[in-house]
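# A look at the structure
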Amino acid sequence: MSSIHQENDCLFCNIVQKKIPAQIVYEDETALAFEDISPQAPVHLLVIPKTHIPRLADMTTGDEKTLTQLFMIIHKLAGEKDLMDSGFRTVINSGEGAGQTVFHLHVHLMGGRPFHWPPG
Ligand code: 5GP
Ligand code: ZN
């Protein structure tokens, strides 16, 4: 039995549950990483907690280990994708005003091209 909180109508919960296919590049007990369906860079991965946290704004005490794990995975994947020296961009959009469209917390990991600042 899993204690992970999942929602039936959430796209990324459905990817976690393998009800919707995705190009998964990493999985463990707490997190999943997969290819973005509409890549904005040669490397564009999404790293998500398996538990349903809608936005970064909704994180709470108790999420510390999960959020740390996401960044450990990003570090590992950035190494595997040979992005350590060329550089990589991580993005979390929290809320509609920031451009969030899927309301299950995810970190974008992008690399393989130059990035500019401010991001717009
Ligand atoms: P947001 O705008 O919420 O920060 O990012 C959502 C991301 O999810 C977008 O980059 C979008 O391309 C990606 N996405 C949306 N639907 C799917 C899907 O069904 N599968 C995958 N792999 N990515 C998706
Ligand atoms: Zn979800």
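Residues numbered from 1 in each chain as written. Chains lettered and ligands numbered in written order. Predicted model: local features only at pLDDT ≥ 70, side-chain atom pairs only at ≥ 80, totals over all residues. Heavy atoms only, no water.

## So, the coordination of the zinc ion (ligand 2)
- With distances of 2.0 to 2.3 Å, the protein atoms coordinating the zinc ion (ligand 2) are Cys-10 (SG), Cys-13 (SG), His-52 (ND1) and His-104 (ND1).
- Around the zinc ion (ligand 2), the four donor atoms are arranged such that angles at the metal cover 106 to 115°; this shape is classified as tetrahedral.
- Site description for the zinc ion (ligand 2): donor spacing in sequence, C-x2-C-x38-H-x51-H. Taken together, the residues Cys-10 in the segment before helix H1 (11-16) and His-52 in the loop between strand S3 (43-49) and helix H2 (64-80) connect sequence positions 42 residues apart. Here Cys-10 matches His-52 in class, with each residue buried. (Donors = N, O, S within 2.8 Å, 3.2 Å for Na, K, Ca; no water. Tetrahedral: all angles 85-135°; square planar, octahedral: opposite > 155°, others 65-115°. Helix = DSSP H or I, 4+ residues; strand = E, 2+ residues; numbered from the N terminus. Buried < 20%, exposed > 50% of the residue type's maximum accessible area, 1.4 Å probe, protein only.)

## A closer look at the nonpolar core
- Counting 17 residues, the largest nonpolar core has Ala-33, Val-47, Leu-70, Ile-73 and Leu-77 as the members making the most contacts within it.
- Counting residues per element, the ones that place at least two in this core are strand S2 (31-35), S3, H2 and strand S5 (107-111).
- Counting residues per element, this core draws most heavily on H2, at six residues.
- Beyond its immediate sequence surroundings of up to four residues, Leu-70 is in contact with Ala-31, Val-47, Ile-48, Pro-49 and Val-107. (Core = buried A, V, L, I, M, F, W, Y, C linked by side-chain atoms within 4.5 Å. Contact = heavy atoms within 4.5 Å.)

## Notes on the pairing of S3
- Extensive coverage of S3 is indicated by the burial of seven of its seven residues.
- Judged by which residues are buried, S3 turns out to be covered on both faces: Val-43, Leu-45, Val-47 and Pro-49 on one side and His-44, Leu-46 and Ile-48 on the other are all buried.
- Two elements, S2 and S3, share five bridges in a ladder whose sense is antiparallel. Note on S3: the bridge partner recorded for Glu-35 is Leu-45.
- Note that S3 and S5 share five bridges and pair antiparallel. Bridged to His-44 within S5 is Met-110. (Pairing = 2+ DSSP bridges.)

## A closer look at the pattern of salt bridges
- This model, assessed by the stated rule, comprises four salt bridges.
- When the shortest N-O distance is used, the salt bridge between Lys-50 and Glu-27 registers 2.8 Å. Here Lys-50 is found in the loop between S3 and H2, whereas its partner Glu-27 is found in strand S1 (residues 24-27), with 23 residues between them in sequence.
- Residue class for Lys-50 comes out buried when judged on its relative accessible area of 10%.
- In this structure, the salt-bridge partner of Glu-80 is Lys-76, at a minimum N-O distance of 2.9 Å. Linking Glu-80 with Lys-76, this pair stays in helix H2, spanning four residues, or about one helical turn.
- Exposure remark for Lys-76: the relative accessible area of 38% places this residue in the partly exposed category. (Salt bridge = Lys/Arg side-chain N within 4 Å of Asp/Glu carboxyl O.)

## Focus on the side chain of Asp-28
- With respect to the helices and strands, Asp-28 occurs in the loop between S1 and S2.
- No salt bridge is formed by the buried Asp-28; the nearest opposite charge belongs to Lys-50, separated by 5.9 Å.
- A polar atom in the side chain of Asp-28 sits 2.8 Å from the side chain of Tyr-26.
- A polar atom in the side chain of Asp-28 sits 2.4 Å from the side chain of Gln-69.
- Each residue touching Asp-28, except ones within four places of it in the same chain, is listed here: Lys-50, Gln-69 and Ile-73. (Lys, Arg positive; Asp, Glu negative; His and termini not counted. Polar contact = N/O pair within 3.5 Å; in protein donor to acceptor, adjacent residues only side chain to side chain.)

Taken by themselves, the reported measurements are silent on function.
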